[in-house]
Each structure stands twice: as structure tokens, then as C-alpha cells.
Amino acid sequence: MQPVKDIVIVGGGTAGWLAASTIAARHQGRIKAGQFSVTLVESPSVAIIGVGEGTWPTIRTTLKKIGVSETDFFRHCDGAFKQGGKFSRWTTGADDDFYYHPLVLPQGFHQVNLAPHWLAANDGRSFCDAVCAQGVLCDEGLAPKTITMAEYDGAANYSYHLDAGKFAPFLQSHATGKLGVRHVLADVIKVNQLENGDISSLDTAQAGTIRGDLFVDCTGFAALLIGKTLEVGFKPCSDVLFCDTALAVQVPYDRPDAPMASQTNATAQKAGWIWDIALPTRRGIGHVFSSRHMSDDEAHSILAAYVGPAIKDRNVRKIPIRSGHREIFWKKNVVAVGLAAGFLEPLESSAIVLGELSSKLIAEQMPANREIMDIVAANFNEVTSYRWGRIIDFLKLHYCLTKRTDSQFWIDNADPSTIPERLQNLLKVWKYRSPWFFDEFDRLEEVFPAASYQYVLYGMGFRTEVDPYELAVDEKLAAQYMRQNITSSFRMRSELPKNRELVDKIVTYGLQPI
Ligand SMILES: Cc1cc2nc3c(=O)[nH]c(=O)nc-3n(C[C@H](O)[C@H](O)[C@H](O)COP(=O)(O)OP(=O)(O)OC[C@H]3O[C@@H](n4cnc5c(N)ncnc54)[C@H](O)[C@@H]3O)c2cc1C
């Protein structure tokens, strides 16, 4: 039986280096014994995409597992804390229209569903504020931890904002320096296949031929192995998610100690939305829009109005977006991770997390030999297809609950024919019962659990009917958790430092290593 022991990753963007580090960290023993190798081939002339600056809390587990120091991460990646998303103008478009999708679960989430109790109370508090502290922490620009907490620990759940141009080189230095990943700077110019379609080796322009047993396609939108070589089709979802273009710009602060938001701001516009990500040295801002509903010029004017005079002399980069994913992700001895696997608009920072989860699955389920690879691949395809499908549903939820009718973009988004059937059915069910953690979200690593649906639904004014008999079942427990939330929100608000203050301290003094 042909063993799988030489792994070749093509592409040195965030996806490539995360995949290389995750696989190499998981198989360190075999690498050190000389029985396994991880090689990353990267073109010296094709630049990485260099956007993708909002992450999901899984990134902490990933970085910890591959042995990265959190202090080093902050020092080298222009990192800042992220505690969720603030969605403004998505429901009515009015100035006071906003809600948070925080990163913490509602209090006592595994014991009691607070949603019906909040609905019944109808006391004017937002769902987010009634069930967790994170909206308040974001309102005040606070960090999720203090300097005395160990690396990766937090008083509240968190992820990061980071500089995409710095993150990939940071991972590269860790993967090659500490994990034994071999780095080859070369253009792949020819892909050699066996009779059964498997890839046997890659011819490069600068480094000769590189053979491997398993190839991970991280070539970004080029999809060199999965798309061009193995001709796996692309499943677009532009009939559900209409945005197909991004205009991205980096904007300096007007002063070095300007406040730094603790959440990604996503502000809805006439035919799309604007992201605003705060890093210690600059903000990353981008207008994602539907070219079917708006011209580039109008989209640029909207972005300029949002940024203000600071946009003058800044380079505004236009990035086409093709929403969708591969029909399958692992074919023969090739598995796609990152943009090569697909892309959905960055509304909930779902791309890097999908890359992390795919890399983890490959590392954990690494087939021992070629004979069992197709079985592992079938499982990988099933799990990964499920994940993409659920993320499409979740992104569409942000659009289809809108009450905006001020442009064709919003009218089209609420049209039932553009809403996936599974989501339509769930929305019908949720009129009578709120989403709950067993409710259709029962996978081990669900990217967006039922709590995420609750935050968006109730943030956007969705109402679920409340049955008084159901309420009575856990009324006391619910009241206890709601009270607990008031106390812990008050305590955290008084104890936690500002986002910028803590990041500055970490960069200067460091966190307690784990
Ligand atoms: C506008 C926009 C905003 C985004 N925002 C977010 C966000 O907030 N959060 C998030 O999680 N994600 C976001 N993403 C997605 C995120 O940027 C990507 O998922 C992430 O950067 C991974 O990219 P990648 O490594 O797959 O591809 P790339 O960075 O494009 O890397 C491709 C690599 O392949 C190499 N390559 C290509 N062809 C060859 C060849 N022939 N030979 C050798 N090497 C080759 C290149 O040199 C490069 O190293 C965003 C994406 C876009 C477009």
C-alpha cells in the first residue's frame, strides 16, 4: 500500500501557511523522525490577495495549537481584539438602526434558552444586552481581557483584527523555523498526473520537480490544481448573495492614540455594505456591492463619503468577488483550502475560519495510505459542503430580514425566490419556536451556532410567538441568568481596559506565556 507521507501545499497566502502549520504541528513526531514532510511551494511573482483582516474565535485555538505566542502575534501582525460585528442600517436603514452579533453565547446557553423570556419581557432592551455583556463592551471600545490574563485566555470570547499582509509572513516564519515546513519559492508551470488522474508531481520554473502523495491547493482564485487541473466545477450562489465587487482602502488615523473599535463595523448601503476594521496603525475599509445594482463610480462615491477627506491620495483597490464554492473540495489526491475552495462575501469573516477547519480536518484525518484516501475525501466533502451551505444561509439571513425598500437591491434580497429553501423553512419554524442549540445545528464544529441566528433574528426585529406554558418550564432559571448578566456586564465594564490600551501594553510588556 502506498503511504501518504509527503504533503505538498501550493500557495503561500493565509490559507497555505495555516494549512502547512496545522498539518506540520499535528504530525511533528513523524516529521522529526524523518517519516513525513510538509513542503509549501509559493510563486515569487503572484502576490497573495492581502485582504481578509477579520477572524473568528477559532483562530485562537488554531494559533495555540500550532505553538504561536499570542504576544508575538500582536507584535508582528498589527493585531487588535475583535468581539463581534456591529450591523448598522440593515433593518430599516435609519440612523439608530443597529444590532450586534457578539462572539459570546447568551448566558446559560446550554441550560436555558433565554430568547422566549426576553421576547416575553419586551422591556425595550436589545436581545444582545439582555443576554450577554459583549454589546456593552463593544459600545465602550473595551478589550475582552486584562494584561494579567494568560495568552489566549479571556474574560469574554474574542478573535482578532489583523494585517493580512503581515499575517502570512508571520505564519511562514513560524512554520519554517519551528515546525519543519520546507518553503520553496517557485512558480508551478506544469502539473504531472498519473493514469488514474492523481497528481504525481509539479514542475516549477525555479526549483525543478516536486513530488508528493497529497497536494493541498491553496492557490487562491487561480485554483490551479482543483479547478484548472482536475476540472472540478464551481457552484456559484450569486442568485442568493448578490454582491460581486469590493473596493478596498487603507485609512490612517488622524492621531496615533485614536480610539480603536472592538468590533467589525458593517454598515449597510444602497446596494451592499461597508466593512470597517480597526487595527492599531490604520483602519481597513471596503465597500462590497452588487454591480448589477450599482455602478463602480457610485460605489466609489459612497465609499468616499464614508471615509471622508482621508480617502484623498489613498489607493482604492477594486477586487472582483465570485460568490460560491467548488462542487467538491477533495478529488483524487488534491484537496482545496482557502479561496481555491470558494469565497463568500466577508460579512461574517467566514473565509479564514473555513480554511482553519478544513486544515484541521485534513491534519486529523490524514489518510495513512492512498487506498483509504477516497473514503477520507468523501467524509471531508460531506462536512465541507454542509459548512458552505450553512454559511450561505446565515449570510442571506442578514439580507432577507430587511424591511428596507429604498432600493432594488434590498427589494430583491427579500424576494423569497432568492432565499434558500432550508432557510425559508427554518424561518417558518422560528415564528413559533426560537433557534436552539440542538435545532438543526448539531455538528461538532458548527461555524455559526443557533446563538448566532438568535442574535441576527432578534437584532433585526424578528418575532417568535411565545407560549406561556413553555415559559413556565424554566422561568426561574432564565431570570437567574438574566440577573447574572446584569452583574457580569457591570463588573466587566468596570474592570476591562480599552482595546487600544491593552494592545499597546501587550506589545510593550507581553502577556503571560502559556
Ligand atoms: C474583499 C475581500 C475581503 C475579505 N475579508 C475577509 C475577512 O474579513 N475575513 C476572512 O476570514 N476572510 C476574508 N477574505 C478572504 C481572505 O482574504 C482569504 O480567505 C485568505 O486571505 C486566504 O487566501 P488564500 O491563501 O486562499 O489565497 P491568496 O492569498 O490569493 O494566496 C494564493 C497563493 O497562491 C500562490 N500561487 C498562485 N498561483 C501559483 C502558481 N502557479 N505557482 C505557485 N504558487 C502560486 C500565490 O503566490 C499565493 O501565494 C476576504 C477576501 C476578499 C476578496
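Keep in mind that this is a model prediction, so the values were computed, not measured. Residue numbers run consecutively from 1 along every chain, following the written order of its sequence. Since the coordinates come from a predicted model, pLDDT governs what is reported: local features require at least 70, and pairs of side-chain atoms require 80 or more to be given and counted, while whole-chain, interface and lining totals use all residues. For side-chain calculations, the full set of non-hydrogen atoms in the structure is used, while hydrogens and water are omitted.

Undergrad: How should the overall build of the protein be read in this particular structure?
TA: Helix and strand assignments come from DSSP, with helices taken as H or I runs of at least 4 residues and strands as E runs of at least 2, each series counted from the N terminus. Broken down by element type, the protein carries 18 helices and 21 strands. For 514 residues, the compact-globule formula gives about 24 Å, and the C-alpha radius of gyration of the protein, at 23 Å, lands near that figure. Buried positions account for 59% of the 514 residues belonging to the protein. By definition in these notes, contact holds between two residues if any of their heavy atoms fall within 4.5 Å. Intrachain contacts of the protein at a sequence separation of at least 6 include 77% that bridge at least 24 residues. Counting every atom, the protein has about 21,300 Å² of accessible surface; 53% of that belongs to carbon and sulfur. Counted as positive: Lys and Arg. Counted as negative: Asp and Glu, with His and the chain ends omitted from the count. A charged residue contributes its charge at one atom only: NZ of Lys, CZ of Arg, CG of Asp or CD of Glu. Distance between charge centres in the protein, computed from 53 positive and 58 negative side chains, equals 3 Å. Computation of the radius of gyration draws on C-alpha atoms, with the globule rule given as 2.2 Å multiplied by the number of residues to the power 0.38. Each residue gets one of three labels from its accessible area relative to the maximum for its type: buried under 20%, exposed over 50%, partly exposed in between, using a 1.4 Å probe on protein chains only. All accessible-area figures derive from a Shrake-Rupley calculation using a 1.4 Å probe, and residue coverage is judged against the displayed protein chains alone.

Undergrad: Would you take a moment to explain the site of the ligand for this structure?
TA: Lining the immediate environment of the ligand, one finds 32 residues, of which Gly12, Val46, Val51, Gly54 and Ile352 sit closest. Residues adjacent in sequence count toward polar contacts only when both atoms are side-chain atoms; beyond that, a polar contact is any pair of N or O atoms within 3.5 Å, and within protein one must be able to donate a hydrogen and the other to accept it. Residue Gly12 places a main-chain N or O atom 2.8 Å away from an oxygen atom belonging to the ligand. Its free accessible area being 1,000 Å², the ligand has 95% of it covered by the protein chains. Within the residue set of the shell around the ligand, elements represented by two or more residues are helix H1 (14-26) and helix H11 (350-364). Residues are grouped as follows: Ala, Val, Leu, Ile, Met, Phe, Trp, Tyr, Cys and Pro are nonpolar; Asp, Glu, Lys and Arg are charged; all remaining types, including Gly, are polar. Within the shell around the ligand, the residues separate by chemical class into 18 nonpolar, eleven polar and three charged. For the domains described, the bounds stem from an automatic or database domain assignment. When residues of the shell around the ligand are assigned to domains, at least three fall in each of domain 1 (6-53 + 163-238 + 323-388) and domain 2 (244-320). One heavy atom within 4 Å of a molecule or strand is enough for the residue carrying it to be called near that molecule or strand.

Undergrad: Just checking my understanding: could you explain the packing of H1 against helix H8 (residues 164-178) for this structure?
TA: Axis angle and axis distance: for two packed helices, these are the angle between their axes and the distance between the axes, and together they describe the pair. Look at H1 against H8: their axes get within 9 Å of each other, and the N-to-C directions meet at 25 degrees. Taken together, the axis directions place H1 and H8 in an arrangement best described as roughly parallel. In this structure, H1 meets H8 at a crossing whose hand is left-handed. Counted together, Thr14, Trp17, Leu18 and Ser21 of H1 and Phe167, Ala168, Leu171, Gln172, Ala175 and Thr176 of H8 form the full contact between these two elements. For the contact of H1 with H8, the residue count by class is six nonpolar, four polar and no charged. Helix axes use the C-alpha atoms of the stretch in contact, all axes being lines fitted to C-alpha atoms, and the angles between their N-to-C directions lie in the range 0 to 180 degrees. The labels follow the angle: roughly parallel below 35 degrees, roughly antiparallel above 145, roughly perpendicular from 65 to 115, and oblique for the rest. Note: crossing handedness is left-handed where the near helix turns anticlockwise from the far helix by less than a right angle, and right-handed where it turns clockwise.

Undergrad: What should I look at first to understand the pairing of strand S1 (residues 6-10) in this one?
TA: On any regular strand, side chains alternate: one points to one face of the sheet, the next to the other face. In terms of burial, S1 is largely enclosed, as five of its five residues are buried. Burial along S1 is two-sided: the face carrying Asp6, Val8 and Val10 and the face carrying Ile7 and Ile9 are both buried. DSSP-based pairing: two strands are paired if at least 2 bridges between them are found. With five bridges joining them, S1 and strand S2 (residues 37-42) adopt parallel strand pairing. Residue pairing for S2: Ile9 is matched across the bridge by Leu40. In terms of strand pairing, S1 meets strand S11 (residues 214-217) through four bridges, oriented parallel. Of the residues in S11, the one forming a bridge with Val8 is Phe215.

Undergrad: What is the right way to look at the sheet that holds strand S9 (residues 199-204) in this model?
TA: Within a sheet, neighbouring strands are paired by backbone hydrogen bonds and run either parallel or antiparallel to one another. Taken together, the three strands give an open sheet; going across it, the order is S8-S9-S10, and neighbouring strands pair in antiparallel fashion. Of all strands in the sheet, those with a lone pairing partner are strand S8 (188-193) and strand S10 (208-211), marking the two edges. Each strand of the sheet is rotated relative to its neighbour by a mean of 25 degrees, with strand direction disregarded.

Undergrad: Teacher, can you tell me more about empty space enclosed by the protein here?
TA: Using a probe with the size of a water molecule, rolled over the atoms, empty space left in the structure can be pinpointed. Cavities and pockets are found on a 1 Å grid laid over the protein atoms alone: a cavity is a set of points where a 1.4 Å probe fits but cannot escape, a pocket is an open set with protein on both sides within 12 Å along at least five of seven lines, and a lining residue has an atom within 4 Å of such a point. Grid points are joined across faces, edges and corners, and a volume is the space filled by probe spheres set on the points. Evaluated as defined, the whole model comprises two cavities of 30 Å³ or more. Roughly 110 Å³ of internal volume is contained in the largest cavity. Lining the largest cavity are 17 residues, and of these Gly338, Gly342, Ala351, Leu354 and Trp388 sit closest to its centre. The set of elements that each furnish at least two residues to the lining of the largest cavity consists of strand S21 (342-343), H11 and helix H12 (370-400). The greatest single-element share of the lining of the largest cavity, amounting to five residues, is contributed by H11. Across the lining of the largest cavity, the residue classes break down as eleven nonpolar, six polar and no charged. The volume enclosed by the second largest cavity comes to roughly 30 Å³. Forming the boundary of the second largest cavity are Arg387, Arg390, Glu446, Val447, Phe448 and Tyr453. Residue composition of the lining of the second largest cavity, by class: three nonpolar, no polar and three charged.

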